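Residue-level structure breakdown
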Amino acid sequence: MKNIILTADRPTGRLHIGHYVGSLRERVRLQNETTYDELYVMIADAQALTDNSGNPQKVRDNIIEVMLDYLSVGLDPEKTTFCIQSQITALPEITSYYMNLVSLNRLLRNPTIKSEIQARGYGSEGGMPVGFATYPISQAADITAFKANLIPVGDDQEPMLEQTREIVRSFNHTYNCNFLVECKSVLAKNLSCTRLPGTDGCAKMSKSVGNCIFLSDEPSVIKKKVNSIKTFPRQIDEPGILENNILFIYLDAFCTDKHFEKYYPEFKNLDELKESYAKGGIGDGKIKAFLNNILQEELEPIRERRKSFENKIPMLIDLLKRGTAKANEIASATLNEIKQAMGIDYFSNDEFENEQIKKFTN
Ligand code: TRP
C-alpha cells in the first residue's frame, strides 16, 4: 500500500506554537524521517470561508502568512507539495456526491462541530451557515481526493477523520468499489502536544481568544506572553501544583534534557524538576524564566528563516502554483474514478451510448 500524507490548515492568521507541537513538528518529522510516496500540505481557504464568508480579505491575506510559517518550520518544497484548496476544482464536486451519503443528524453529532457551534454562538442564534455544518464532508473530499492514509493533526480533528472513514466505507459499499482509502491520524507523542492550552489557561490556543504565542513573535513579545501566564497563587515554600499547570504543560511539550543542562543545571530532566516543584520551594518566576529560555531558543531559528523567506514571495507563489497544478491532476483523476463508480461518466467512453442504443433497439 502507498503511504500518502496529507494535512491542511485554515488561513485565518499566522500559525502558533499550538499548531507547531500539535501538527507542524510532526509533519516535518514525517517529511524527514519516514518513507512515504507523497506529502501534501493544503491551505484550506475554502474551509476558512465557511465561517468567514464576510471577510474574504482576511483569508486572502493569510495564504502567504501560512506559507511562510510552513517554510520557516522546515517543510521542504523538494519533499512537500503545497496547494490551495479553493483552486482544486474537483474538491467541491466530490463533496457534493459525498453529501448524499451523510445524514444531517450524523453531521451534527460530530463532537468537533458541536463545540465549534457553541464557540461561534451558532447554537443560540440558529445562524449556522450550511457550508459550515457540512465542512467535515468537504474535509473528507480533501483527504480522499489524494487517497491520503496518514493525516498529521491535533486530536481535535479525530472526529473529522472518523467521519471521513465512514464516508469512505459508505461510498465503497454503496458503489461496490474499493479505491477510496481509509485514513488514520498521526498524533504528536504526548498529550500536552496534542492539546496545548492557551496562555490564559483556555483549553485551546486560538487567535480569536488572543491567547496564542505565534511562531513569528519577537523575543520581547514571547517573554511578555510567558510572564503573563496565570499560575496558582501560593507561597514559595508551599507545595506546587502540577495538575493543569500551564507552565508545566508547555515544558512537557517543548523541553528536553539538553535545555536543563543549558538553562537549569540544578536538575537533570523534567521529572526531577516536577518532583522538586511539587514539594515546594521553587517559585513560578523561576519556571517562567526557564520556559522563556526554551521558547526563545526554539523559536529563534523559525523566526529568522521566516524573515529570509519574506524576501522570496514570488518563489512562494510559484511553489503554490505548481503544487496546486499537481494537486488538480490527482484530484481530477479521483473524481473521474468516483463518477465511473457511480455510473455517471456518460462521455468518458462509448459504453453509455452503446447501452442506450441497445435498450431502444428491438
Ligand atoms: N479542519 C482542519 C483544521 O481546522 C483543517 C483541514 C482542512 C484539514 N482539510 C483538512 C486537516 C484535511 C486535515 C486534512 O485544522
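Going along each chain's sequence as written, the residues are numbered from 1 onward. Two thresholds apply to this predicted model, a pLDDT of at least 70 for residue-level local features and 80 or more for giving and counting side-chain atom pairs, whereas whole-chain, interface and lining totals are computed over all residues. Water and hydrogen atoms were dropped before computing side-chain values, which therefore reflect all heavy atoms in the structure.

Turning next to unusual backbone geometry. A positive phi angle, near 50 degrees, is found at Lys147, a position not held by glycine. By the criteria applied, helices consist of DSSP H or I runs no shorter than four residues and strands consist of E runs no shorter than two, each listed in order from the N terminus. Within the element layout of this structure, Lys147 appears in the loop between helix H9 (135-145) and strand S4 (150-152). The backbone phi angle of Asn176 is positive, close to 50 degrees, even though this residue is not glycine. As for its position among the elements, Asn176 is in the loop between helix H10 (158-174) and strand S5 (184-186).

What we call a nonpolar core is a set of buried Ala, Val, Leu, Ile, Met, Phe, Trp, Tyr and Cys residues that are connected through their side-chain atoms within 4.5 Å. Classification of residues uses two cut-offs on accessible area relative to the type maximum, computed with a 1.4 Å probe and protein chains only: under 20% is buried, over 50% is exposed, and between them is partly exposed. In terms of nonpolar packing, the biggest core is built from 56 residues, with Ile17, Met67, Tyr70, Leu215, Tyr250, Leu251 and Leu273 touching the most fellow members. An automatic or database domain assignment supplies the residue ranges for each domain. The residue makeup of this core includes at least three contributed by each of domain 1 (4-191 + 312-354) and domain 2 (219-309). Only heavy atoms enter the contact rule, under which two residues are in contact if any of them lie within 4.5 Å. In contact with Tyr250, not counting residues within four places along its chain, are Ile17, Leu196, Pro197, Gly198, Thr199, Met205, Ile213, Ile229 and Leu291.

Our focus in this paragraph is the pattern of salt bridges. What makes a salt bridge here is a side-chain nitrogen of Lys or Arg within 4 Å of a carboxyl oxygen of Asp or Glu, nothing more. Tallying each qualifying case throughout the model produces 28 salt bridges. The shortest N-O distance in the salt bridge between Lys274 and Asp252 comes to 3.3 Å. On the criterion of sequence distance, the pair formed by Lys274 in helix H15 (residues 270-279) and Asp252 in helix H13 (residues 246-254) is long-range, its members being 22 residues apart. Sharing partners across several salt bridges, the network here consists of Arg14, Glu65, Asp69, Arg306 and Glu310.

Around the ligand, the neighbouring residues are Leu6, Thr7, Ala8, Arg10, Ala44, Gln47, Gln139, Asp142, Ile143, Ile151, Val153 and Gln157. By the criterion applied in these results, polar contacts are pairs of N or O atoms within 3.5 Å in which, for protein atoms, one can donate a hydrogen and the other can accept it, and in which residues neighboring in sequence qualify only through two side-chain atoms. Between the ligand and the protein, one listed contact pairs an oxygen atom with a side-chain N or O atom of Arg10 at 3.3 Å. Taking Asp142, its side chain carries an N or O atom lying 2.8 Å from a nitrogen atom of the ligand. What sets the accessible areas is the Shrake-Rupley method with a 1.4 Å probe; for residues, cover comes only from the shown protein chains. Bound to the protein, the ligand loses 89% of the 360 Å² it would expose on its own. Residue assignment for the shell around the ligand shows that the elements contributing at least two residues are strand S1 (4-9) and H9. The rule for a residue being near a molecule or strand is that one of its heavy atoms must lie within 4 Å of it.

Here we take up the domain arrangement of the chain. Along its sequence, the chain is organised into domain 1 (4-191 + 312-354) and domain 2 (219-309). Tallying the contact residues gives 17 residues for domain 1 and ten residues for domain 2. What gets called buried area is simply the loss in accessible area from a 1.4 Å probe that two parts show on being joined, summed for both. Counting the surface lost from both domain 1 and domain 2, the interface buries some 1300 Å², and carbon and sulfur atoms represent 58% of this. Applying the counting rule to domain 1 against domain 2 returns two salt bridges. With its nearest N and O atoms 3.0 Å apart, the salt bridge here joins Asp69 to Arg306. Counting across the domain 1 and domain 2 interface gives six residue pairs in polar contact (both at pLDDT 80 or more). For the side of domain 1 that touches domain 2, the secondary structure elements donating two or more residues are helix H1 (17-33), helix H3 (56-73) and helix H17 (313-342). Top element by residues in the side of domain 1 that touches domain 2 is H3. It accounts for six residues. The classification used treats Ala, Val, Leu, Ile, Met, Phe, Trp, Tyr, Cys and Pro as nonpolar, Asp, Glu, Lys and Arg as charged, and all other residues, Gly among them, as polar. Here the residues of the side of domain 1 that touches domain 2 sort into nine nonpolar, three polar and five charged.

The next subject is the packing of H9 against H10. Axis definition: a line fit to C-alpha positions, over the contact stretch in the case of helices; interaxial angles, taken between N-to-C directions, run 0 to 180 degrees. Packing of H9 against H10 leaves a shortest axis separation of 9 Å and a crossing angle of 70 degrees. Between H9 and H10, the interaxial angle falls into the category roughly perpendicular. From H9, Tyr135, Pro136, Ile137, Gln139, Ala140, Ile143 and Thr144 reach across to H10, where they touch Met160, Leu161, Gln163, Thr164, Ile167 and Val168. Oblique is the label for every angle not falling under 35 degrees (roughly parallel), over 145 degrees (roughly antiparallel), or within 65 to 115 degrees (roughly perpendicular).

One can describe the packing of H13 onto helix H16 (residues 284-309) by two numbers: an axis separation of 10 Å at closest approach and a directional angle of 35 degrees. Crossing handedness for the pair H13 and H16: left-handed. Every residue of H16 that contacts H13 at Leu247, Phe248, Tyr250, Leu251 and Phe254 is listed here: Asp284, Ile287, Lys288, Phe290, Leu291, Ile294, Leu295 and Glu298. Looking at the contact of H13 with H16 residue by residue, the classes come out as ten nonpolar, no polar and three charged. By convention the crossing between two helices is left-handed if the near helix lies anticlockwise of the far one by an angle smaller than a right angle, and right-handed if it lies clockwise.

Moving on, we come to the packing of aromatic side chains. For this analysis, a ring pair means two rings from Phe, Tyr or Trp (six-membered ring only for Trp) whose centres lie within 6.5 Å, classed as stacked if their planes differ by under 30 degrees, edge-to-face if by over 60, and tilted for the remaining angles. Counted under the stated rule, the structure contains 15 aromatic pairs. Look at Tyr40 and Phe146: their rings are 4.7 Å apart centre to centre, the planes differ by 45 degrees, and that puts the pair in the tilted class. With Tyr40 in strand S2 (residues 38-43) and Phe146 in the loop between H9 and S4, this pair connects stretches of sequence that are 106 residues apart. On the basis of relative accessible area, Tyr40 is assigned to the buried category, the value being 2%. Put simply, the rings of Tyr98, Phe171, Tyr175 and Phe179 touch in pairs and so form one group of aromatic residues. As a reminder, the over-ring test applies to NZ of lysine and CZ of arginine, requiring each to be within 6 Å of the ring centre and within 35 degrees of the ring normal. Looking at Arg10, its charged tip hangs above the ring of Tyr135, at a distance of 4.6 Å from the centre. The ring of Phe254 is capped by Arg25, whose NZ or CZ atom sits 5.7 Å from the centre of that ring.

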